[in-house]
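Notes for the structure review
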Amino acid sequence: MRITADPTRTMSGGGSGNFLLVPIPEYPVLDCVVPNKNVKIVVLGASNVGKTALIVRFLTKRFIGDYEANTGALYSRKLNLEGEEVSLQVQDTPCVALQDDVDGLYCQEQINRSIYWADGYVLVFSITDYNSYRTIQPLYQHVRRIHPSGNIPVILVGNKSDLLRARQVPAEEGEGLAASLGGVYFEASARENHDGVHAAFLQLCQEVSRALGGGNGEKRRAGLHLARPKSPNMQELKRRFRQVLSSKVKSASGP
Ligand SMILES: Nc1nc2c(ncn2[C@@H]2O[C@H](COP(=O)(O)OP(=O)(O)OP(=O)(O)O)[C@@H](O)[C@H]2O)c(=O)[nH]1
């Protein structure tokens, strides 16, 4: 099935250029009128750390206060990376949790599929929640088990940096952990700052794009044609658009 952008679902964010937030076409991706390089990233972390808020902030430049617990929406937009236009897909995921009784991680099958599907990983914890920080190392090991060989482009995001007084994770611990994972550490606030969030996602997108090399379309793993993760919930997407648009109208008509 080929899906072109529906104007009612397309937004032009000031300065964000070429903005698209549309359902991902079923297949074949290469039939679509989109750039021939496809950057696929997945956002992972414990409950309530701000995964959805970070994605929405990156894609819309907005912070929308409350979200329903997410079931894993997939977002798409075009992005200009170092002069090259690429198609970016960002997969939101339900939370992961540490298991108390065993040395491991509770991770839904849906998340495993997203990890397998993705080329780059945003690992998120909240600087106000040490337990969310503790999930990162096992989470990274989990990603490694799914991709046992090769380079894993990863960034570590300590979110909620606006809540400094509630900080439980020192910045040095975040930096140290990121270094041990071979990634860069970003402290960000989805609530208060678009630039930090943008810088973090951009760093990962560039890394993935370089790893994909010459833009010849989908990276294949061992020749497999991988199923993409679950389709986005259209009602949920429409609801978020209504939220964004109504806040736009409010801010335009405000004092
Ligand atoms: N103060 C502050 N609150 C934030 C920030 N980012 C997200 N939040 C809030 O944290 C709560 C959780 O945000 P979500 O984006 O739903 O977090 P999530 O990780 O997707 O949550 P799950 O659906 O449980 O996996 C919401 O109430 C957000 O408004 C931030 O940077 N600062």
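Refer to the structure printed above.
The structure presented is a predicted model; accordingly, all values stated were derived computationally and were not measured.

**Considering the site of the ligand**
As a matter of local geometry, the ligand sits amid 22 residues, with Lys51, Ala53, Gly65, Asp162 and Ala190 nearest to it. Taking serine 47, its side chain carries an N or O atom lying 3.3 Å from an oxygen atom of the ligand. Backbone polar atom of asparagine 48 to an oxygen atom of the ligand: 3.1 Å apart, as the coordinates give it. In the complex, the protein chains occlude 89% of the 660 Å² of accessible area that the ligand would expose alone. Per element, the largest residue contribution to the shell around the ligand is three residues, and it comes from helix 1 (residues 51–60). Taken together, the residues of the shell around the ligand sort by class into nine nonpolar, eight polar and five charged.

**A look at the packing of helix 4 (residues 136–146) against helix 5 (residues 171–181)**
Remark: helix 4 packs on helix 5, axes separated minimally by 11 Å, with the N-to-C direction vectors making an angle of 15°. Between helix 4 and helix 5, the angle falls in the class roughly parallel. Both helix 4 and helix 5 take part in a crossing whose hand is right-handed. On helix 5, the residues touching Ile136, Gln137 and Tyr140 of helix 4 are Leu177, Ser180 and Leu181.

**Here we look at the packing of helix 2 (residues 109–117) against helix 4**
Packing of helix 2 against helix 4 brings their axes to within 9 Å, and their N-to-C directions diverge by 65°. Seen along the crossing, helix 2 lies across helix 4 with a hand that is right-handed. Here Asn112, Ile115 and Tyr116 of helix 2 lie close against helix 4, whose contacting residues are His142, Val143 and Ile146. Tallied by class, residues from the contact of helix 2 with helix 4 come to four nonpolar, two polar and no charged.

**A word on the side chain of serine 132**
With respect to the helices and strands, the residue serine 132 is situated in helix 3 (residues 130–134). Serine 132 gets classed as buried once you look at its relative accessible area, which sits at 1%. Residues contacting serine 132, with those up to four places away along its chain left out, are Ala46, Val49, Phe125 and Ser126.

**Here we look at the pattern of salt bridges**
Enumeration over the complete set of coordinates arrives at three salt bridges. Between arginine 167 and glutamate 187 there is a salt bridge, with the nearest N and O atoms lying 2.8 Å from each other. Linking arginine 167 in the loop between strand 7 (154–159) and helix 5 with glutamate 187 in strand 8 (residues 184–187), this pair joins segments that are 20 residues apart in sequence.

What counts, and where the lines are drawn
- Residues numbered from 1 in each chain as written.
- Predicted model: local features only at pLDDT ≥ 70, side-chain atom pairs only at ≥ 80, totals over all residues.
- Heavy atoms only, no water.
- Near = heavy atom within 4 Å.
- Polar contact = N/O pair within 3.5 Å; in protein donor to acceptor, adjacent residues only side chain to side chain.
- Areas by Shrake-Rupley, 256 points an atom, 1.4 Å probe, with all protein chains shown as cover.
- Helix = DSSP H or I, 4+ residues; strand = E, 2+ residues; numbered from the N terminus.
- Nonpolar A, V, L, I, M, F, W, Y, C, P; charged D, E, K, R; others polar.
- Axes fitted to C-alpha atoms, helices over the stretch in contact; angles between N-to-C directions.
- Parallel < 35°, antiparallel > 145°, perpendicular 65-115°, else oblique.
- Left-handed = near helix turned anticlockwise from the far one by under 90°.
- Contact = heavy atoms within 4.5 Å.
- Buried < 20%, exposed > 50% of the residue type's maximum accessible area, 1.4 Å probe, protein only.
- Salt bridge = Lys/Arg side-chain N within 4 Å of Asp/Glu carboxyl O.

The analysis is restricted to geometry; functional conclusions fall outside its scope.
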